[in-house]
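Here are the chains, one letter per residue:
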Amino acid sequence: MAESSGPKRWRPTPTNLIAGGLVIAGFLLTGVSWWFFLLAAAGTFGPGILREVGWLRDKDEFQRRAHYRAGYHAFLTIGLVAFVLVAFFRAGGTVEHPHRLATFFLALLWFTWFLSSLLAYWGPQKTAARILIAFGSVWLVFAIISNLGSEWTGWAALLLHPLLAAPFFVLAWLSGRWPRIAGILLLAAAVGFFLLFELPHIARTSILEVITSVTFILFLGPLLASGVALLVAGTRERAEDAQSVDDQT
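Structure report, in brief.

**Focus on the environment of alanine 25**
Next, step 1: Structurally, alanine 25 is set in helix H1 (residues 14-28).
Next, step 2: You can call alanine 25 partly exposed: its relative accessible area is 25%.
Next, step 3: Distance in space between the C-alpha atoms of alanine 25 and glycine 43 is 9.5 Å, their sequence separation being 18 residues.

**So, a nonpolar patch on the surface**
Next, step 1: On the surface, a nonpolar cluster with roughly 550 Å² of combined accessible area is contributed by Ile24, Leu28, Leu29, Val32, Phe36 and Leu39.
Next, step 2: On the basis of relative accessible area, phenylalanine 36 is assigned to the partly exposed category, the value being 33%.

**Remarks on the packing of helix H5 (residues 124-145) against helix H7 (residues 166-175)**
Next, step 1: Closest axis-to-axis distance for the H5/H7 pair is 8 Å, and the angle between their directions is 170°. As far as their axial angle goes, H7 and H5 are roughly antiparallel. Of H7, the residues touching H5 (which contributes Gln125, Ala128, Ala129, Leu132, Ile133, Phe135, Gly136, Ser137 and Trp139) are Phe168, Phe169, Leu171, Ala172 and Ser175.

**Let's talk about the nonpolar core**
Next, step 1: Residues Leu132, Phe168, Leu186, Phe193, Ile217, Leu220 and Leu223 are the most contacted members of the largest nonpolar core, which totals 31 residues.
Next, step 2: For this core, the elements supplying multiple residues, two or more each, are helix H3 (61-90), helix H4 (100-122), H5, H7, helix H8 (179-204) and helix H10 (214-248).
Next, step 3: If you tally residues by element for this core, the top one is H4, at seven residues.
Next, step 4: Among residues more than four places away in sequence, those in contact with leucine 186 are Leu132, Leu171, Leu223, Ser226, Gly227 and Leu230.

**Describing the environment of arginine 130**
Next, step 1: Residue placement: arginine 130 occurs in helix H5.
Next, step 2: Here arginine 130 falls in the partly exposed class, since its relative accessible area comes to 39%.
Next, step 3: Spatially, the C-alpha atom of arginine 130 lies 9.9 Å from that of tryptophan 173, the residues being 43 residues apart in sequence.

**Observations regarding the pattern of salt bridges**
Next, step 1: Evaluated as defined, the whole model comprises two salt bridges.
Next, step 2: Between aspartate 58 and arginine 51 there is a salt bridge; the shortest N-O distance is 2.8 Å.
Next, step 3: Residue class for aspartate 58 comes out partly exposed when judged on its relative accessible area of 23%.
Next, step 4: The partly exposed category is assigned to arginine 51, whose relative accessible area is 23%.
Next, step 5: As a salt-bridge pair, glutamate 61 and arginine 64 come within 2.8 Å of each other at their nearest N and O atoms. Of the two residues, glutamate 61 and arginine 64 both sit in helix H3, three residues apart, roughly one turn of that helix.
Next, step 6: Owing to a relative accessible area of 47%, glutamate 61 belongs among the partly exposed residues under this scheme.
Next, step 7: By relative accessible area, which is 34% here, arginine 64 ends up partly exposed.

Criteria and cut-off values
- Residues numbered from 1 in each chain as written.
- Predicted model: local features only at pLDDT ≥ 70, side-chain atom pairs only at ≥ 80, totals over all residues.
- Heavy atoms only, no water.
- Helix = DSSP H or I, 4+ residues; strand = E, 2+ residues; numbered from the N terminus.
- Buried < 20%, exposed > 50% of the residue type's maximum accessible area, 1.4 Å probe, protein only.
- Patch = residues over 30% accessible without salt bridge, like charges linked within 9 Å, V, L, I, M, F, W, Y side chains within 5 Å.
- Areas by Shrake-Rupley, 256 points an atom, 1.4 Å probe, with all protein chains shown as cover.
- Salt bridge = Lys/Arg side-chain N within 4 Å of Asp/Glu carboxyl O.
- Axes fitted to C-alpha atoms, helices over the stretch in contact; angles between N-to-C directions.
- Parallel < 35°, antiparallel > 145°, perpendicular 65-115°, else oblique.
- Contact = heavy atoms within 4.5 Å.
- Core = buried A, V, L, I, M, F, W, Y, C linked by side-chain atoms within 4.5 Å.

Quick look at the structure:
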């Protein structure tokens, strides 16, 4: 999805810092009242609104183009999911916790826009590699902490459980060298995690309850999106190589 000749280096601006502070404050103050969550909305959408009305001019042409494209990707994703859910409910479907749909759409909107922006800045291979390293690091820390203190079961568990993070780092390394292979493995990993962690929950509720959960979006979403991005990147590389060969002949 990158449109520039090379990845751009992102630096936080005063606008980013203020917006980020509002978002963090909005989340933290929900313990007092959920009306403070509107601070997160101001931090998320406020800068964009100010840019559109011409009161804030802190983006260059590349940044504006990347953000507009990310917004279009979010529109396509949210629109498609909305049509599916309208058809589902009109056909007589129900969900146990309908209030979760608002959180689901908000998480999906933010995730799609954010990931598309990263792809525009870094390109699919670097984005996928950094996401996988972040996932692997979180999983590694979790595996270590879960085997300390009262959870201690022996040195074997402490040494073996962190190995679950190894596939993330291996896939991060593969994404920079063989993007198509890494993309296929990422999609397979996402399906495997879904079957491993969510099948018991599906048996108790319904697949729609699982898919519309924020955990599903923020955990499996990056793996699925990175896999698709790498497959597209690999396909484009092969097409460009074929075109260069045709031009030479």
